[in-house]
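# Coordinate inspection notes
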Amino acid sequence: MKFNTKTIHGGQYNVDPAYGSVMPPIYQTSTYSQTTPGGHKGFEYSRSGNPTRAALEKSLASLENGNYGLAFGSGLAAIDAVIKLLQPGDEVICTNDLYGGSYRLFKKIFEKFGIKFHFIGMQDASKIENFINDNTKLIWVETPSNPMMNIIDIKACSSIAKKHKILLAVDNTFASPYLQQPLDMGADIVMHSATKYLGGHSDVVMGALIVNNNELAEKLYFIQKASGAICGPQDCFLVLRGIKTLHIRMQRHCENGKAIAIFLASHPKIDKVYWPGLPSHPNHEIAKQQMKDFGGMISFTTKGNRMEDAIKVVENLKIFTLAESLGGVESLAGHPATMTHASIPKEEREKTGVVDSLIRLSVGIEDVEDLMDDLKQALG
Ligand code: P1T
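For clarity, every value in this text was computed on a predicted model and none was experimentally measured.

## Side note on the domain arrangement of the chain
On domain assignment, one finds that the chain holds domain 1 (3-243) and domain 2 (246-379). For domain 1 versus domain 2, the distance between C-alpha centres works out to 25 Å. Listed by partner, the interface residues are 43 residues for domain 1 and 40 residues for domain 2. Together, the buried faces of domain 1 and domain 2 total about 3500 Å²; carbon and sulfur atoms form 63% of this surface. Between domain 1 and domain 2 we count zero salt bridges in total.

## As for the packing of aromatic side chains
Going through the model one piece at a time under the given rule, you end up with seven aromatic pairs. Aromatic pair Phe106 and Trp140: ring centres 6.0 Å apart, planes at 85°, arrangement edge-to-face. Note that Phe106 is positioned in helix α4 (residues 100-110) and Trp140 in strand β4 (residues 136-142), a separation of 34 residues in sequence. For Phe106, a relative accessible area of 0% gives the class buried. Residue Trp140 is classed as buried on the basis of its relative accessible area, which comes to 0%. When the ring of Phe117 is compared with that of Phe119, the centres are 6.4 Å apart and the planes differ by 25°; the resulting orientation is stacked. By relative accessible area, Phe117 is classed as buried at 6%. One aromatic cluster in this structure is built from Tyr103, Phe106, Phe117, Phe119 and Trp140.

## Observations concerning the pattern of salt bridges
In this structure the tally under the stated criterion is 14 salt bridges. For the salt bridge of Lys84 with Asp80, the shortest nitrogen-to-oxygen distance reads 2.7 Å. In this structure Lys84 comes out as partly exposed when scored by relative accessible area, which is 37%. Ionic pairing is found between Lys137 and Asp90, a salt bridge with its closest N-O pair at 3.2 Å. Here Lys137, found in strand β4, pairs with Asp90, found in the loop between α3 (75-83) and β2 (91-95); they are 47 residues apart in sequence, far enough to count as distant. One network of salt bridges, in which partners are shared, links Lys346, Arg349, Glu350 and Asp356.

## Considering the packing of helix α2 (residues 51-63) against helix α8 (residues 233-243)
Packing of α2 against α8 leaves a shortest axis separation of 8 Å and a crossing angle of 35°. Crossing hand, α2 versus α8: left-handed. Of the residues in α8, those touching α2 at Thr52, Arg53, Ala55, Leu56, Ser59, Leu60 and Leu63 are Pro233, Cys236, Phe237, Val239, Leu240 and Ile243. Each residue belonging to the contact of α2 with α8 can be placed in one class, and the counts come to ten nonpolar, two polar and one charged.

## Considering the site of the ligand
Lining the immediate surroundings of the ligand are 19 residues, of which Asp171, Thr195, Lys196, Ser325 and Arg360 lie closest. Note that an oxygen atom of the ligand is positioned 2.9 Å from one of the backbone N or O atoms of Gly75. One of the side-chain nitrogen or oxygen atoms of Asn146 is found 2.9 Å away from an oxygen atom of the ligand. Within the complex, the protein chains bury 94% of what would otherwise be the 480 Å² of accessible surface of the ligand. Residue assignment for the shell around the ligand shows that the elements contributing at least two residues are α3 and β6 (189-193). Of the residues assigned to the shell around the ligand, the class counts are six nonpolar, eight polar and five charged.

## Things to note about the state of the cysteines
Within this structure, the stated rule accounts for zero disulfides. Looking at the unpaired Cys157, the closest cysteine sulfur is the one in Cys94, lying at 12 Å. In this structure Cys231 is not part of a disulfide, and its nearest cysteine sulfur, from Cys236, lies 3.7 Å away.

## Things to note about the sheet that holds strand β11 (residues 332-334)
Pairing is mixed in the open sheet, where five strands are placed in the order β8-β9-β12-β11-β10. Single-partner strands in this sheet number two, and they are β8 (270-274) and β10 (321-322). Where β11 meets strand β12 (residues 358-362), three bridges bridge the pair, whose relative direction is antiparallel. Within β12, the position partnered with Gly334 by the bridge is Arg360.

## Considering helix α11 (residues 307-316)
Residues of α11 that are buried include every one of Ala310, Val313 and Val314, and no others. Along the long axis of α11, the arc covered by the buried residues comes to 90°, so they all point the same way. Residues of α11 that are exposed and angled more than 90 degrees away from the buried face: Glu308, Lys312 and Glu315. Residues of α11 that are buried in the fold lie against β9 (297-302), β10, β11, β12 and α13 (368-379).

## Re the pairing of β2
Of all five residues in β2, five are buried; the element is thus mostly enclosed. Where β2 lies against strand β3 (residues 116-120), five bridges are found, and the strand directions are parallel. Across the sheet, the residue bridging to Cys94 is Phe119, located in β3. You can see the chain leave β2, run along α4 and come back into β3, and the turn it takes is right-handed. Across four bridges, β2 lies against β4 in parallel orientation. Across the sheet, residue Val92 finds its bridge partner in β4, namely Leu138.

The rules we used
Residues numbered from 1 in each chain as written. Predicted model: local features only at pLDDT ≥ 70, side-chain atom pairs only at ≥ 80, totals over all residues. Heavy atoms only, no water. Domains from an automatic or database assignment. Contact = heavy atoms within 4.5 Å. Buried area = accessible area lost by both parts, 1.4 Å probe. Salt bridge = Lys/Arg side-chain N within 4 Å of Asp/Glu carboxyl O. Phe/Tyr/Trp six-rings, centres within 6.5 Å; stacked < 30°, edge-to-face > 60°. Helix = DSSP H or I, 4+ residues; strand = E, 2+ residues; numbered from the N terminus. Buried < 20%, exposed > 50% of the residue type's maximum accessible area, 1.4 Å probe, protein only. Axes fitted to C-alpha atoms, helices over the stretch in contact; angles between N-to-C directions. Left-handed = near helix turned anticlockwise from the far one by under 90°. Nonpolar A, V, L, I, M, F, W, Y, C, P; charged D, E, K, R; others polar. Near = heavy atom within 4 Å. Polar contact = N/O pair within 3.5 Å; in protein donor to acceptor, adjacent residues only side chain to side chain. Areas by Shrake-Rupley, 256 points an atom, 1.4 Å probe, with all protein chains shown as cover. Disulfide = S-S within 2.5 Å. Pairing = 2+ DSSP bridges. Arc of directions from axis to C-beta. Right-handed = clockwise from strand over helix to strand, strands pointing away.

This is how it looks when you write it as C-alpha cells:
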C-alpha cells in the first residue's frame, strides 16, 4: 500500500466487527465484561487497551512502516516512556537544539533519577562518537529540530548506534511520516507529538511511539500500561480523522512553506531564515536525501537582534495566530525565547541560535498570498 492510501486505510481493516462502521467507533468505556476471570474479547481495562486506541496505534505503525504503534496522553508522555527504558547511571546523547519541554523533562525530571544527558550538535554525526562510553544507552535525535530547523543525518546516526549497540530514537514531529520515515533509515524508535501534523487541527494533545522490534515493543507497552500515560478514545478518534488528510495537508504545508521561506529570505528587515529547503541551509543536502519535501516550519531573525522588534512583528500578525504549538491547518507564529523554549537557560539556548529576535512560523494551509500579505504588513 502506498503512503497516501495508508493514511486512509493503513491498519484499518475490520475496525467494527459489530456493524461494519467505516470509522472505528469511539469505545468510551473504562472496562469490559468478562464471562469468567480472564474470559474477555481482547480488552480488559482501557489503560491496558481500548479498541479505538488500538485502531489508531495500527494506523500509526502503518504510516511509519513499523510493526507496533503506541499512543500516549501527550508527546512528552511518549518521550517519558522511552526514557523509562533506562536505568540510573545510563547516559543519553541528544541533539542540543530540541523542544524546550523535552529538554526540561530530561534535565529537571530524569537527571534527578541518575540519568545523564549530553546535549550536542549532531549536524556532523561523527561527533556523537566522542560522547559514547559504556553507559551510553540511547541517542535522541530531533530532525528537523525545534526551532532551528537543523537536519540530522538519520542513517549516519543509525550506523553509529548499531556499531555501539545503542538505541536510536528520532522525534519525527516536525517532519511527520509523510516527509520522512526514520525506521526505514535504521532508527529503533520513532516518536511524535501527535498534537501537531498527525492530528493536524489543533484540537488534541497526544503522543506516539512506533517501533518494529518485538522485544522493544513489549517493553514500551509494559511502560505504557504500568505508568498509565494513555490517551482517551475521543482523542484517538480525532487523530485518526486527522491522519486521513495528512498527505494532502502536508503537500500544502510544503508549498506554502517554500513560498514564505523564499519571500522572507529576500525581505530587507530579515537577517537569517532557517528552512531546510533553501539551498543556503547548511544541511540542505541531507534534507534532500532523507526528506520527501521540506515542510511548513520556518524560523527567522530580524535584523539587529532586538527582542522588542520580534515581539512587535508577532503582535502585528493578523492571520498568523500568536500561539505555542504547530502543525495545524491554521498558521501560527511563536517567539521561542519567551514561549516554547523559555525553560532553556538563555546562555544554553543562545549557543544553538535561539536568540531574542528569533520568530518561528508554523505555516498553515491558508491561501499563501494572504499569509504573505500578513507577514508584509507585520514586518512593515
Ligand atoms: O506538546 P506535546 O504533545 O507533549 O509534545 C511535546 C513535543 C515533543 N517534540 C517536539 C519536537 C515538539 O515540538 C513538542 C511540542 N512542541 C510545542 C508545543 C511547540 O510549540 O514547539
